[in-house]
Amino acid sequence: MKEEQLNELFYSLTLEEKIYQLVQLSGDFYKTAAVAVGPKGKLGISQEVVDNAGSILNIIGAEQIIKIQKNYLENSRHKIPLLFMADIIYGYKTIFPIPLALGCTWNPDLIRECCIKIAEESAVSGAHVTFAPMADLVRDPRWGRVMESTGEDTYLNTLFTSAMVKGFQGDFTADKSIASCVKHFAAYGASEAGREYNTVDMSERRLRQDYLPSYKTAVDSGCEMVMTSFNIVDGIPATGNKWLMKDVLRDEWGFEGVIITDYAAIQELIAHGVASNDREATKLSIEAGVDIDMKTSCYSNNLRQLIDDGEIKKELIDESCLRVLKLKNKLGLFENPYRGASIEKEKEVLCCAENIKLARKVSAESLVLLQNNNVLPISKKNKKIALIGPYGDNTSIIGLWAIHGDQSDVTTLKDAIAEKIDANNFCYAKGCELLEDYTFLGDFGKMVNGGETSDTNPEQDLEEAISVAMESDVVILALGEHMMQSGEAGSRTNITIPKIQLDLLDKIRELGKKIVLVIFSGRPLVLTNVLDKVDGIIQAWFPGTEGGHALADVLFGDVNPSGRLTMSFPYSVGQVPVYYNEFNTGRPVKTSTHSERFMSKFLDCPNDPLFSFGYGLSYTTYEYSDLVVSKDILKVGEIMEAKVSITNKGKIKGTETVQLYIRDFVGSVVRPVKELKGFKKVTLAPGQSKQVVFYIGEEQLMFFTKNLEYKSEKGEFMVFIGGNSNNTLEMKFTFI
Ligand code: GLC
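Residues numbered from 1 in each chain as written. Predicted model: local features only at pLDDT ≥ 70, side-chain atom pairs only at ≥ 80, totals over all residues. Heavy atoms only, no water.

Here the focus is the sheet that holds strand β14 (residues 474-480). Read from one edge to the other, the open sheet built from 6 strands follows the order β11-β16-β15-β14-β12-β13, with strand pairing classed as mixed. Two strands in the sheet have a free side with no partner beyond their single neighbour: β11 (368-372) and β13 (426-429). Going from strand to strand, the sheet's axes swing by 15° on average, the running direction of each strand aside. As paired elements, β11 and strand β16 (residues 536-539) share 4 bridges and run antiparallel to each other. Bridge pairing in β16 links L369 to I538. (Pairing = 2+ DSSP bridges. Helix = DSSP H or I, 4+ residues; strand = E, 2+ residues; numbered from the N terminus. Axes fitted to C-alpha atoms, helices over the stretch in contact; angles between N-to-C directions.)

What follows is the structure in structure tokens.
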């Protein structure tokens with residue numbers, strides 16, 4: 001629709017009709033013609049609101065969406081189509097690895113390709129908007145939602161966030177793309193103690209330096225929507241925070257798209273204690289510039305009265321309604337309310353061979369080899385292999401946020417191994433349940449197949465596992481956290497492998513067999529007490545529909561693992577938060593002149609994590625040498641080269657992620673001991689050497705200074721280049 005037509009439509013709307021465009025309801029209001037009083041009654045809204053709401057969340061599927069849209073438009077006075085939005089975070093039907101795994105590919109271009117495929121599957125299934133990417137920086141593995149993030153580094157997160165937005169949105173072709181909604185704005189990942197929905201409190205400097213850039217990159221990449229976070233920012237919940245939503249997002253960053261709340265977040269302003277009732281909560285949100293009220297009756301039941309009482313300006317409603325109409329128009333919904341929805345195309349596209357092949361490749365690239373004491377890769381021949389553990393034949397490896405995926409599409413590790421090796425050389429036994437106790441699952445337990453069975457027989461399970469292991473040369477142990485112990489509302493204080501599984505590991509270990517541990521989790525687990533009990537460890541995350549195939553490819557050497565961690569694995573949960581780009585403190589352990597006791601350290605735990613940011617092993621080894629910088633003195637406006645040679649010292653081709661870090665020794669504020677400023681993936685044949693060149697200029701040296709200005713400062717710097725943040729070559733230079 002042309003702009004003047006859109007304006008005409010807009011001016012033809014009553015105030016009520018404009019308000020209805022700002023309401024988002026869940027699909028249960030629309031699934032049946034005769035909407036039960038249930039959801040309406042519970043939410044306290046009228047049928048008129050249901051008949052005129054602007055958007056729906058988490059209804060998807062071409063047939064269903066076409067039916068709902070058709071029914072809706074038949075009753076719509078102005079024929080304004082519904083917007084269909086959904087949580088399609090890392091896959092619709094082809095489920096890719098969780099974002100924390102995607103980050104470990106260090107391959108934004110590849111992830112953009114995934115998002116292009118995800119967008120196509122979603123568009124032909126009728127979705128218009130996805131509530132992704134989740135761009136929250138994370139430093140606390142106790143928080144269940146670290147699984148949705150690409151990790152602890154701001155720079156890396158910006159690259160992935162941009163790639164995801166561009167992948168999802170493409171050129172807005174109806175059956176190829178969907179609008180993206182970056183979330184959760186802002187800094188939800190800094191929830192205190194990693195406790196879900198908890199307080200966030202930090203300096204504006206830290207907010208701007210570490211947490212905001214990934215959201216800003218999404219906006220700069222053209223992201224159409226922003227979702228408010230549940231948490232407070234400087235004492236005011238994001239959903240009612242005018243400084244964050246208007247001063248920063250709209251005025252500073254120029255965001256002109258739609259702001260939507262997180263689930264029922266407007267009403268939570270009351271619990272937070274910045275509003276006494278729905279009416280006050282409504283006022284705070286609309287004045288903050290929040291456009292869509294997800295799943296409460298605040299906007300529908302209070303906006304009109306607030307205008308009539310002269311408490312808010314009508315223009316606020318006009319602006320929000322117009323932004324929603326513009327998004328619908330940009331998606332082409334006025335010309336075609338069904339956009340890309342096609343029952344026929346769904347059959348062609350969903351889980352098509354191309355997407356499945358890509359999922360297998362990406363999943364393999366996201367796996368991280370954490371330990372290998374000459375046990376991997378496993379020979380496909382002449383080896384008797386036992387696969388043991390509750391994740392050996394488990395389809396819940398798609399993770400918590402694959403809410404529209406089908407576990408029936410998953411190839412389990414057992415099935416994938418069976419495709420690779422002779423059945424006579426392969427046995428499987430579950431060994432034990434995933435958990436000792438499933439009551440934490442509550443009602444969710446019935447919703448998800450987390451691998452639990454009702455007819456468990458622990459003694460028999462263990463007996464079977466031991467006999468299978470006894471017959472083997474090598475045991476693959478598939479262990480991990482329950483997928484519902486991860487994701488939203490999945491915060492944990494004990495982040496080890498469940499005890500029932502550790503007991504199984506101890507029993508198998510007594511047999512003296514070689515053990516390869518494959519870990520399924522949505523977070524870094526504490527593995528400190530596991531390292532010396534096994535010979536190899538692969539961190540599998542929740543690897544998605546093709547996770548079984550990808551793991552089998554890596555376990556048997558068809559793929560040489562290249563994943564590198566984007567979130568530190570703590571030595572102990574007591575260390576948390578532990579992250580690579582920390583500040584030096586006034587008493588750094590490595591250089592302080594104070595006596596041993598009086599330094600910045602713990603009495604009972606090292607400062608370093610068990611596995612560092614950027615860490616990951618390969619089936620070969622790489623040697624770094626000859627780091628040189630083209631200038632000892634870098635002047636403003638100049639570019640300096642930092643070169644290093646890297647050699648494959650092994651017998652297998654491999655891909656290494658060469659990482660560039662910088663340290664600014666002295667600033668007007670303290671600066672991290674290291675900051676990732678670049679990386680390059682290089683593939684090397686056995687014995688091959690390559691030179692990798694990075695370019696460094698003023699841009700890489702900028703930060704939020706004492707006066708919160710984003711600029712560089714002169715002084716001494718260090719360049720670090722290596723295979724992970726804890727193992728680098730270094731060279732000094734001066735910036736003047
Ligand atoms: C949830 C999540 C958010 C999701 C939204 C809609 O509570 O916080 O990430 O997109 O609700 O399901």
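On we go.
Of all residues adjacent to the ligand, which total 13 residues, the nearest are D87, R145, K183, H184 and D262. At 2.5 Å from an oxygen atom of the ligand is found a side-chain nitrogen or oxygen belonging to D87. Within the complex, 94% of the 310 Å² of free accessible area of the ligand lies under protein. When its residues are assigned to classes, the shell around the ligand shows 6 nonpolar, 2 polar and 5 charged. (Near = heavy atom within 4 Å. Polar contact = N/O pair within 3.5 Å; in protein donor to acceptor, adjacent residues only side chain to side chain. Areas by Shrake-Rupley, 256 points an atom, 1.4 Å probe, with all protein chains shown as cover. Nonpolar A, V, L, I, M, F, W, Y, C, P; charged D, E, K, R; others polar.)

Another aspect to go through is the domain arrangement of the chain. Quite often, the size of an interface is put as the accessible area lost when its parts meet. In terms of domains, the chain is made up of domain 1 (359-555) and domain 2 (620-735). Each of domain 1 and domain 2 has a C-alpha centre, and these two points are 37 Å apart. (Domains from an automatic or database assignment.)

This paragraph deals with the side chain of E196. By the secondary structure assignment, E196 is in the loop between β5 (179-185) and α9 (204-211). Buried and unpaired, E196 has no salt bridge, with R145 as the nearest side chain of opposite charge at 4.6 Å. Side chain to side chain, E196 and Y188 meet in a polar contact 2.7 Å long. Excluding residues within four positions of it along the chain, E196 makes contact with W143, R145, Y188, G487, E488, A489 and S491. (Buried < 20%, exposed > 50% of the residue type's maximum accessible area, 1.4 Å probe, protein only. Lys, Arg positive; Asp, Glu negative; His and termini not counted. Salt bridge = Lys/Arg side-chain N within 4 Å of Asp/Glu carboxyl O. Contact = heavy atoms within 4.5 Å.)

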